[in-house]
Amino acid sequence: LNLALQSQNKPLVQAILNADNNHIYNEDYDDALKWDDTSIITDLALAYPLSELHSYTLQNLCQFCMQSGKTDFFRSFIESMTLSGEFGIDLTECLEVAARMGHSEMICYLLDIGANPFATQVLRAALPDHKGVLHLLFNKSRPREYIPKCIGASVISAVIDESLDN
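Here goes a summary of the coordinates provided. Here the residue numbers are simple positions, counted from 1 along each chain's written sequence. Local features in this predicted model are restricted to residues of pLDDT 70 or higher, and side-chain atom pairs are both shown and tallied only at a pLDDT of 80 or more, whereas totals for entire chains, interfaces and linings draw on every residue. Excluded from the side-chain calculation are hydrogens and water; included are all heavy atoms of the structure.

1. Points about the side chain of Asp31
Phase 1 of the analysis: Tracing the chain through its elements places Asp31 in helix H3 (residues 26-33).
Phase 2 of the analysis: The criterion used for residue contact is that any of the two residues' heavy atoms lie within 4.5 Å. The contacts of Asp31, once residues within four sequence positions are left out, are Asn2, Leu5 and Gln6. Each helix is a run of DSSP H or I of at least 4 residues and each strand a run of E of at least 2, with the numbering of both proceeding from the N terminus.

Okay, here's the thing in structure tokens:
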């Protein structure tokens, strides 16, 4: 399967997936992303237990969808995970990438489905160049699943350092 994905041989990939050979790995998703063909990712998702996806694989998919303007595909992919009852993946890394890229549509979507805006890496990604992202993350009208008692000394330190630079 890995060689078929790397050579971008779609008929062979589909034949292997149809053969009920479930030796699919997270790295296979990364190879499929290089195709710029979301149908192959859908095929992999149908053959691979989505609950076993690593957060970095989901992060790579999220980044690919933002860069290629395929955020609707990412939404559908996530919804298929939730509908199948297999959604137990932490979306923090996806939110971090979206904050770093300043992609407001993806940020809002991830927040709407429960991504934690108070994770240190998310706030650090938003601080240097994306102050508008902080407004999205801290929007009071948005319902919150996670409201920490303390957002962490490293985040407070980063905010102070950023304020001193300006």
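Let us keep going from here.
2. Description of the packing of helix H5 (residues 55-67) against helix H7 (residues 92-101)
Phase 1 of the analysis: Orientation is described by lines fitted to C-alpha atoms, with helices fitted over the stretch in contact, and by angles between N-to-C directions that extend from 0 to 180 degrees. Interhelical geometry of H5 versus H7 gives an angle of 30° and a closest axis separation of 8 Å. Looking at the two axes, H5 sits roughly parallel to H7. As for how H5 packs across H7, the hand of that crossing is right-handed. Every residue of H7 that contacts H5 at Ser55, Tyr56, Leu58, Gln59, Cys62, Gln63, Met66 and Gln67 is listed here: Glu93, Cys94, Val97, Ala98 and Met101.
Phase 2 of the analysis: Looking at the contact of H5 with H7 residue by residue, the classes come out as eight nonpolar, four polar and one charged. Here is the rule for angles: anything less than 35 degrees is roughly parallel, anything more than 145 is roughly antiparallel, 65 through 115 is roughly perpendicular, and the remaining ranges are oblique. Crossing handedness is read from the near helix: turned anticlockwise from the far helix by less than a right angle, it gives a left-handed crossing, and turned clockwise, a right-handed one. Just so you know the grouping, Ala, Val, Leu, Ile, Met, Phe, Trp, Tyr, Cys and Pro go in nonpolar, Asp, Glu, Lys and Arg go in charged, and all remaining residues, Gly too, go in polar.

3. Overview of the packing of aromatic side chains
For any pair of aromatic rings, geometry is given as the distance between the ring centres together with the angle between the planes.
Phase 1 of the analysis: A pair of aromatic rings is counted whenever rings of Phe, Tyr or Trp (Trp by its six-membered ring) have centres within 6.5 Å, and the orientation is called stacked for planes under 30 degrees apart, edge-to-face for over 60 and tilted otherwise. Across all of its chains, the model carries two aromatic pairs by this definition.
Phase 2 of the analysis: Taking the centre distance of 6.4 Å and the plane angle of 80° together, the rings of Tyr29 and Phe77 count as edge-to-face. With Tyr29 in helix H3 and Phe77 in helix H6 (residues 71-83), this pair connects stretches of sequence that are 48 residues apart. You'll find Tyr29 and Phe77 in the same group, each marked buried.
Phase 3 of the analysis: For the pair Phe73 and Phe77, a centre-to-centre distance of 6.2 Å together with 35° between the ring planes defines the contact as tilted. Highlighted residues: Phe73 and Phe77, both in helix H6, separated by four residues, approximately one helical turn. One exposure class covers both Phe73 and Phe77, and it is buried. Per-residue accessibility, obtained with a 1.4 Å probe over protein chains only, is compared with the maximum for each type, and a residue is labelled buried under 20%, exposed over 50%, and partly exposed between these values.

4. What to know about the environment of His23
Phase 1 of the analysis: Examined against the element boundaries, His23 turns out to sit in the loop between helix H2 (10-18) and H3.
Phase 2 of the analysis: Owing to a relative accessible area of 53%, His23 belongs among the exposed residues under this scheme.
Phase 3 of the analysis: Here His23 is in contact with Leu1 and Asp28, once residues within four sequence places are set aside.

5. A closer look at the nonpolar core
Within soluble globular proteins, side chains that are nonpolar tend to cluster in buried spots.
Phase 1 of the analysis: For our purposes a nonpolar core is just a set of buried Ala, Val, Leu, Ile, Met, Phe, Trp, Tyr and Cys residues, chained together by side-chain atoms within 4.5 Å. Among the nonpolar cores identified, the biggest contains 48 residues, and Ile41, Leu61, Phe74, Phe77, Leu110 and Leu137 are the most heavily contacted of them.
Phase 2 of the analysis: Ranked by the residues each element gives to this core, the list is headed by H5, at six residues.
Phase 3 of the analysis: Those residues within four positions of Leu61 in sequence are excluded, and the remaining contacts are Leu33, Ile41, Phe73, Phe74 and Phe77.

6. Regarding the pattern of salt bridges
Phase 1 of the analysis: Only one rule defines a salt bridge in this text: a Lys or Arg side-chain nitrogen within 4 Å of an Asp or Glu carboxyl oxygen. This structure, assessed with the given rule, holds two salt bridges.
Phase 2 of the analysis: Here Lys34 and Asp31 are joined by a salt bridge, their closest N and O atoms 3.6 Å apart.
Phase 3 of the analysis: Taking the relative accessible area as the measure of exposure, Lys34 reaches 62% and is therefore exposed.
Phase 4 of the analysis: On the basis of relative accessibility, which here comes to 10%, the residue Asp31 falls in the buried class.
Phase 5 of the analysis: Between Glu96 and Arg100 there is a salt bridge, with the nearest N and O atoms lying 2.6 Å from each other.

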